[in-house]
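# Residue-level structure breakdown
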Amino acid sequence: MKRLFLNISFICLAFSIGIFAYRCYENSYLHKCSAVFSGYRSYNADGSDIKPEVTFTVNGKEYTRTFAESTDANYEIGDKTEILYDSRDPGDYVYRHYSWVIIIPLMLIGLILIIVCREAFKGYWSDFVCRYPKACICTVISILIPFFYLIWYEYFFVCPDAAFAGLTEVLFMCALLIIAPVTDIIVWITAVLKYKNKNKIAEQTAYTE
């Protein structure tokens, strides 16, 4: 059982490292530039939801962006500020983040399980990996599937409609936090039960003979 939890710890650490690498990759496209406040836009009748608009220039092309958050700040038209933009699509509203709320818990779970199950390292390769090779292969594949999906979405998928905006994040998190772990648990439980059943049959056969 400890070896099973040790395997889960490796999955948690792999996922946390993978998410961090993905965030670093996404943040590498973010750049700072100077922007000028061009006015305010109201999104309701009473004028309570007022959001500032800024204009900025990237590679000779001017963009206008409305901030996602409402603000009570008194900016004057012509005031300058600094913003982030995505070099792939400068007009999109972006911000730099690393998903620490997901990375840190996964990393802590992985490290705690490794400490608690450290005795399971003894004979891990011979008694566990060699005993359940198919389950190990399935685990590796399940870890890679979310990242294969990201590569496909980033380089091959063509978004047909604005309704798909942000879908990559939702599906990635579903694959990462639900589909992959549940699949691994089912595969490992099945592998262990099959191995025990195989040994039981072998013992009964030997006893009969």
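The present account deals with the structure reproduced in this document. It should be emphasised that the depicted structure is a prediction, and the values quoted were computed from it without experimental measurement.

The rules behind these values
- Residues numbered from 1 in each chain as written.
- Predicted model: local features only at pLDDT ≥ 70, side-chain atom pairs only at ≥ 80, totals over all residues.
- Heavy atoms only, no water.
- Phe/Tyr/Trp six-rings, centres within 6.5 Å; stacked < 30°, edge-to-face > 60°.
- Buried < 20%, exposed > 50% of the residue type's maximum accessible area, 1.4 Å probe, protein only.
- Lys NZ or Arg CZ within 6 Å of the ring centre and 35° of its normal.
- Helix = DSSP H or I, 4+ residues; strand = E, 2+ residues; numbered from the N terminus.
- Polar contact = N/O pair within 3.5 Å; in protein donor to acceptor, adjacent residues only side chain to side chain.
- Patch = residues over 30% accessible without salt bridge, like charges linked within 9 Å, V, L, I, M, F, W, Y side chains within 5 Å.
- Areas by Shrake-Rupley, 256 points an atom, 1.4 Å probe, with all protein chains shown as cover.
- Salt bridge = Lys/Arg side-chain N within 4 Å of Asp/Glu carboxyl O.
- Expected span 1.5 Å × (residues − 1).
- Arc of directions from axis to C-beta.
- Axes fitted to C-alpha atoms, helices over the stretch in contact; angles between N-to-C directions.
- Parallel < 35°, antiparallel > 145°, perpendicular 65-115°, else oblique.
- Left-handed = near helix turned anticlockwise from the far one by under 90°.
- Contact = heavy atoms within 4.5 Å.
- Pairing = 2+ DSSP bridges.

### Focus on the packing of aromatic side chains
The description of an aromatic ring pair rests on the distance of the ring centres and on the angle between the ring planes. Tallied over the full model, the rule gives four aromatic pairs. Ring centres of Tyr25 and Tyr29 lie 5.3 Å apart, and the angle between their planes is 90°; on these two criteria the pair is classed as edge-to-face. Judged by its relative accessible area of 26%, Tyr25 is partly exposed. A cation over an aromatic ring shows up here: Arg88 above the ring of Tyr29, its NZ or CZ 4.0 Å from the ring centre.

### Comments concerning the environment of Ser28
Considering the arrangement of structural elements, one finds Ser28 in the loop between helix 1 (2–27) and strand 1 (30–42). Overall, Ser28 belongs to the partly exposed group, its relative accessible area being 45%. For Ser28 and Arg96, which are 68 residues apart along the polypeptide, the C-alpha to C-alpha distance reads 9.5 Å. At a separation of 2.4 Å, a polar atom in the side chain of Ser28 contacts the main-chain carbonyl oxygen of Tyr25.

### Some details on a nonpolar patch on the surface
On the surface, a cluster of nonpolar side chains totalling about 770 Å² of accessible area is made up of Val140, Leu144, Phe148, Ile151, Trp152, Tyr155 and Phe156. Note that Tyr155 resides in helix 4 (residues 133–155). Relative accessible area serves as the criterion here: at 54%, Tyr155 is assigned to the exposed category.

### Observations concerning helix 2 (residues 100–116)
Here helix 2 spans 24 Å end to end across 17 residues, near enough to the 24 Å set by a 1.5 Å rise per residue. Along helix 2, the positions that sit buried rather than exposed are Ile102, Ile103, Leu106, Gly110, Leu113 and Ile114. Buried residues of helix 2, viewed axially, fall in a sector of 110°; they line one side. Those residues of helix 2 that are exposed and angled more than 90 degrees off the buried face are Val101, Ile112, Ile115 and Val116.

### Some words on unusual backbone geometry
Even without a glycine there, the phi angle at Asn59 is positive, about 55°. Residue placement: Asn59 occurs in the loop between strand 2 (50–58) and strand 3 (61–66).

### Section: the packing of helix 1 against helix 2
Contact geometry of helix 1 with helix 2 gives a least axis separation of 8 Å together with a crossing angle of 150°. With respect to helix 2, the element helix 1 is oriented roughly antiparallel. Handedness of the helix 1/helix 2 crossing: left-handed. Across from Lys2, Phe5, Leu6, Ile8, Ser9, Phe10, Cys12, Leu13, Phe15, Ser16, Ile19 and Phe20 in helix 1, the residues of helix 2 making contact are Trp100, Ile102, Ile103, Leu106, Met107, Ile109, Gly110, Leu111, Leu113, Ile114 and Val116.

### A word on the pairing of strand 3
Bridge analysis of strand 2 against strand 3 gives six bridges, and the strand direction is antiparallel. Looking at strand 3, one finds that Val58 is bridged to Lys61. The hairpin turn running from strand 2 into strand 3, its antiparallel successor, is two residues long, and Asn59 in that turn takes a positive phi close to 55°.

### Thoughts on the side chain of Asp86
For Asp86, the position within the fold is in strand 4 (residues 80–86). For Asp86, a relative accessible area of 10% corresponds to the buried category. Of note is the side chain of Asp86, whose polar atom sits 2.9 Å from the backbone nitrogen of Arg88.

### Thoughts on the side chain of Glu53
Along the chain, Glu53 falls in strand 2. For Glu53, the contacting residues outside a window of four places in its chain are Val36, Phe37, Ser38, Gly39, Arg41, Thr64, Arg65 and Thr66.

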